[in-house]
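# Inside the fold
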Amino acid sequence: MPKTKKGERGGEVKSAPAGELLKYYRDMLLIRRFEERAGQLYGMGLIGGFCHLYIGQEAVVVGMQATITPDDAVITSYRDHGHMLACGMDPRGVMAELTGRIGGYSKGKGGSMHMFSRQKNFFGGHGIVGAQVPIGTGLAFAHRYNGHRRVSLTYLGDGAVNQGQVYESFNMAALWKLPAIYIIENNRYGMGTSVERAAAGPALAERGSSYGIPGEQVDGMDVLAVKEAGGRAVAHAKAGNGPTILEVMTYRFRGHSMSDPAKYRPKEEVDKMRTERDPINQVRDLLVAQGTTEDDLKKIDREIRDIVADAADFAQTSPEPPESTLYTDILVGA
Ligand SMILES: Cc1ncc(C[n+]2csc(CCOP(=O)(O)OP(=O)(O)O)c2C)c(N)n1
Ligand SMILES: [Mg+2]
């Protein structure tokens, strides 16, 4: 259980041992720096197609990842780079996929939205809004069918939660008590539409209540809060009690994709979230309060910078796939 300490703003904030916090700091910083570099490569014209950055939302995936084992399954939407890095996928392979090179996870043919790792139990990377939800439910079904004590984490957005297939999935997951955890990353917008304009009823955590699925709203800018709620959901599923919905309140600091008019939310709103709720700065503050030095943090910063620089170099030097591979690795044979 996380310890609590008095926060600078007077409230109770959670804390945890330095070793644990350092891991979260490192993992979130890797995602942040990776995404910043991906944004730069996109600006240089090196990334084709879509590219959706996860900056601001890092605590969601890092907190959830801390609750599962490598055998558990993870699936998400197109805003997927952070999820892949959190699953332990190689930054080189992810970046090279963004630049469409043969060293990428889909051999340069999938791009940002279509990457997978069977080895890390990461099942994509889906460009159709909500389409990952039935698949994630199927993964939970497979765990149950095969008698494995494993869970499936399905991430979806506040926009995706209004798709019909989500409710077919909720019904089956509840009916068969599947070990499915649905993590709604409520970043307040689906492209340029605020959740208030798109969703009837504000409580997305309650969207499974008529199926009897417990729901919980969680502070998604606080990695320890995510980990705590995630841990409860995983224990519930592994005990055979079925699915949980976590509505994780988060915020994306960047645009929806690389072209975003930025007219649907005031600049002050973004600035306020960046300065007051940045998930990485919050962990950094906890670490400093526990005695981690600036030098220790700088060392981590340098390590992360080197990993990202190496991934970016690889993504520019790995060759493009040859024309002869145009029709290979498209379908898996029966
Ligand atoms: C079925 C379908 N409808 C529409 C789109 C276009 N589209 C892409 S992302 C998106 C917004 C989804 O928002 P949300 O679920 O909140 O996820 P976020 O982008 O905030 O992570 C839409 C409408 C799509 N890709 N698929
Ligand atoms: Mg959204």
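Scope of this entry: the structure provided in the associated data block. (Residues numbered from 1 in each chain as written. Chains lettered and ligands numbered in written order. Predicted model: local features only at pLDDT ≥ 70, side-chain atom pairs only at ≥ 80, totals over all residues. Heavy atoms only, no water.)

### Digging into the site of ligand 1
To keep it simple, the criterion reads: What makes a residue near a molecule or strand is one non-hydrogen atom of that residue sitting within 4 Å of it. What qualifies as a polar contact is a pair of N or O atoms within 3.5 Å, subject to a donor-acceptor requirement within protein and to the restriction that residues adjacent in sequence count only when both atoms come from side chains. Calculation of accessible area relied on Shrake-Rupley with a 1.4 Å probe; when residues are assessed, cover is drawn exclusively from the protein chains displayed. Here the nonpolar group is Ala, Val, Leu, Ile, Met, Phe, Trp, Tyr, Cys and Pro; Asp, Glu, Lys and Arg are the charged ones; every other residue, Gly included, is treated as polar.
Among the 15 residues in the neighbourhood of ligand 1, the closest are listed as Tyr78, Arg79, Gly159, Ala160 and Asn187. Within the side chain of Asp158, one N or O atom sits 3.1 Å away from an oxygen atom of ligand 1. At 2.9 Å from an oxygen atom of ligand 1 is found a side-chain nitrogen or oxygen belonging to Asn187. Within the complex, the protein chains bury 71% of what would otherwise be the 590 Å² of accessible surface of ligand 1. Split by residue class, the shell around ligand 1 holds six nonpolar, seven polar and two charged.

### What to know about helix α4 (residues 91-98)
Using the following cut-off: Between buried and exposed lies partly exposed: a residue is buried under 20% and exposed over 50% of the maximum accessible area for its type, with that area taken using a 1.4 Å probe on protein chains only. For the purposes of this entry, the term helix denotes a DSSP run of H or I that reaches at least four residues, the term strand denotes a run of E that reaches at least two, and both are numbered from the N terminus. Should any heavy atoms of two residues lie within 4.5 Å, those residues are considered in contact.
With seven of its eight residues buried, α4 lies for the most part within the structure. Within α4 the residues assigned to the buried category are Pro91, Gly93, Val94, Met95, Ala96, Glu97 and Leu98. On its buried side, α4 packs onto α1 (18-43), α3 (81-86) and α11 (294-317). Where α4 begins, the capping side chain belongs to Asp90, and its oxygen is found 3.0 Å from the backbone nitrogen of Arg92.

### What about the sheet that holds strand β9 (residues 244-249)?
So the rule is basically this: By definition, two strands form a pair when at least two bridges between them are found by DSSP. Think of each axis as a best-fit line through the C-alpha atoms, taken over the contacting stretch in the case of a helix, with angles from 0 to 180 degrees between the N-to-C directions.
As summarised here, the arrangement of the five strands in space is β3-β4-β5-β9-β8, forming an open sheet in which the pairing is parallel. Only two strands of the sheet have a single partner each, and these edge strands are β3 (73-75) and β8 (215-219). Strand-to-strand, the axes of this sheet are offset by a mean angle of 20 degrees, without reference to chain direction. As judged from the five bridges shared by β8 and β9, these two strands associate in the parallel manner. Directly across from Gly215, in β9, lies its bridge partner Ile245. Strands β3, β4 (152-157) and β5 (180-186) of the sheet are contacted by helix α5 (residues 132-145), whose axis makes an angle of about 170 degrees with β4.

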